[in-house]
Amino acid sequence: MTTVVELEVPAERLGLARTFDRVQTFEFQVSGLIGEGPPLVYVSGPERERVESALERDPSVDVIATLDDASDGRWLLRLEFNQGIKTFQEIVSENDGAILEASGQDGTWSVKLLFHDREAVSECHSLFEQHEFAATVTRVSSMNDTSNGQTPLTEIQYETILKAHELGYFDVPRQVTLEELASELDISHQALSERLRRSHSALVSAELSNRMAPVGMDR
């Protein structure tokens, strides 16, 4: 089954961390697929000169060419990334995967990957861990999720929400505490709290993007 995996990776692991440090409102989006050559990248920030200066001083990237401004306030550059993103690309490619999208803001890369089977996904994730990319999976879905109404949650998030629901964590009053739920799932209190927040964010985003009307007033 063709699988789409969405990840978040700290910029320190892939590149542009120094630029994010110098220009906190800096954002970028890779134009099209990340191939073997230097990709075209849309960038934005408070001032073009300030962003370009930060990029020139960033050891993780080389500015190959500066192109015209885009109509939406961004401008286009051709950037050569360092070994971090190249190693990431090699891992994906060697597991018959493809990078569909890559963008970044707030010191974090958001990457969308495409694989033809789940075994490749697992192998790729293991290699990410070996190379200490600190990648966080934010969503795993099949290509036809938008038409069959599947959950926006990853498998782990779904299992967590399901267990929390079964044990009455969302009941009023609650039937189980956060500490008890964490013990049941054999994870730390902090890890469970972060997982629940990510799950809530994914569900809320999916609900709002579908523009569904409220069913009625709360009682």
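See the structure above.
What counts as what
- Residues numbered from 1 in each chain as written.
- Predicted model: local features only at pLDDT ≥ 70, side-chain atom pairs only at ≥ 80, totals over all residues.
- Heavy atoms only, no water.
- Core = buried A, V, L, I, M, F, W, Y, C linked by side-chain atoms within 4.5 Å.
- Buried < 20%, exposed > 50% of the residue type's maximum accessible area, 1.4 Å probe, protein only.
- Helix = DSSP H or I, 4+ residues; strand = E, 2+ residues; numbered from the N terminus.
- Pairing = 2+ DSSP bridges.
- Expected span 1.5 Å × (residues − 1).
- Arc of directions from axis to C-beta.
- Salt bridge = Lys/Arg side-chain N within 4 Å of Asp/Glu carboxyl O.
- Polar contact = N/O pair within 3.5 Å; in protein donor to acceptor, adjacent residues only side chain to side chain.
- Contact = heavy atoms within 4.5 Å.

## Some remarks on the nonpolar core
Part 1 of the reasoning: With 40 residues, the main nonpolar core has Leu16, Phe26, Phe28, Phe88, Trp109, Leu113 and Phe128 as its most contacted residues.
Part 2 of the reasoning: A total of five residues in this core trace back to one element, the largest contributor, which is helix 5 (residues 118–130).
Part 3 of the reasoning: Counting 11 residues, the second largest nonpolar core, distinct from the first, contains Leu153, Ile161, Leu181 and Ala202.

## Structural notes on the pairing of strand 7 (residues 108–115)
Part 1 of the reasoning: Summarising the sheet, strand 1 (residues 3–10) and strand 7 pair through eight bridges and their orientation is antiparallel. Of the residues in strand 7, the one forming a bridge with Val5 is Leu113.
Part 2 of the reasoning: In terms of strand pairing, strand 6 (residues 98–105) meets strand 7 through seven bridges, oriented antiparallel. Within strand 7, the position partnered with Ser103 by the bridge is Ser110.
Part 3 of the reasoning: Here strand 6 hands over to strand 7 after two residues, with Asp106 in that stretch at a positive phi of 55°.

## Observations concerning helix 7 (residues 155–166)
Part 1 of the reasoning: With 12 residues, helix 7 ought to run about 16 Å at 1.5 Å a step, and its terminal C-alpha atoms sit 16 Å apart, in line with that.
Part 2 of the reasoning: Taken residue by residue, helix 7 has Gln157, Thr160, Ile161 and Ala164 as its buried positions. Seen from one end, helix 7 has its buried residues packed into an arc of 95°, which puts them on one side. What points out from helix 7, more than 90 degrees from its buried face, is the exposed set Glu159 and Glu166.
Part 3 of the reasoning: Just past helix 7, the residue Gly168 takes up positive phi, approximately 85°.

## Regarding the pattern of salt bridges
Part 1 of the reasoning: In the structure shown here, the tally under the stated rule is four salt bridges.
Part 2 of the reasoning: In this structure, Lys112 engages Glu101 in a salt bridge whose closest nitrogen and oxygen atoms are separated by 3.9 Å. Here the residue Lys112 occupies a position in strand 7, and Glu101 occupies one in strand 6, the gap between them amounting to 11 residues.
Part 3 of the reasoning: Using a relative accessible area of 23% as the deciding quantity, one classes Lys112 as partly exposed.
Part 4 of the reasoning: We classify Glu101 as partly exposed; its relative accessible area is 44%.
Part 5 of the reasoning: Of the charged contacts in the structure, one is a salt bridge between Glu166 and Lys163, with a shortest N-O distance of 3.9 Å. Residue Glu166 and its partner Lys163 are located together in helix 7, separated by three residues, close to a single helical turn.

## Focus on the side chain of Thr160
Part 1 of the reasoning: Inspection of the secondary structure assignment puts Thr160 in helix 7.
Part 2 of the reasoning: Engagement of the side chain of Thr160 in a polar contact is seen with the backbone oxygen of Ile156, the distance being 2.9 Å.
Part 3 of the reasoning: Every residue in contact with Thr160, bar those within four places of it in the chain, is listed here: Leu185, Leu192, Arg195 and Leu196.

## Some points on the environment of Val41
Part 1 of the reasoning: When you line up the elements, Val41 lands in strand 3 (residues 40–44).
Part 2 of the reasoning: Taking the C-alpha atoms as reference points, Val41 and Ala102, 61 residues apart in sequence, are found 9.6 Å from one another.
Part 3 of the reasoning: Once you skip the residues sitting within four places of it in the chain, Val41 turns out to touch Phe28, Gln29, Val30, Ser31, Trp75, Leu76, Leu77, Leu79 and Phe81.

## Things to note about unusual backbone geometry
Part 1 of the reasoning: The backbone of Leu16 sits at a positive phi, close to 75°, despite the residue not being glycine.
Part 2 of the reasoning: The topology assignment puts Leu16 in the loop between helix 1 (11–14) and helix 2 (17–22).
Part 3 of the reasoning: When its relative accessible area of 0% is taken as the criterion, Leu16 is described as buried.
Part 4 of the reasoning: Positive phi, close to 60°, is recorded for Asp186, a residue that is not glycine.
Part 5 of the reasoning: Structurally, Asp186 can be placed in the loop between helix 8 (178–185) and helix 9 (189–209).

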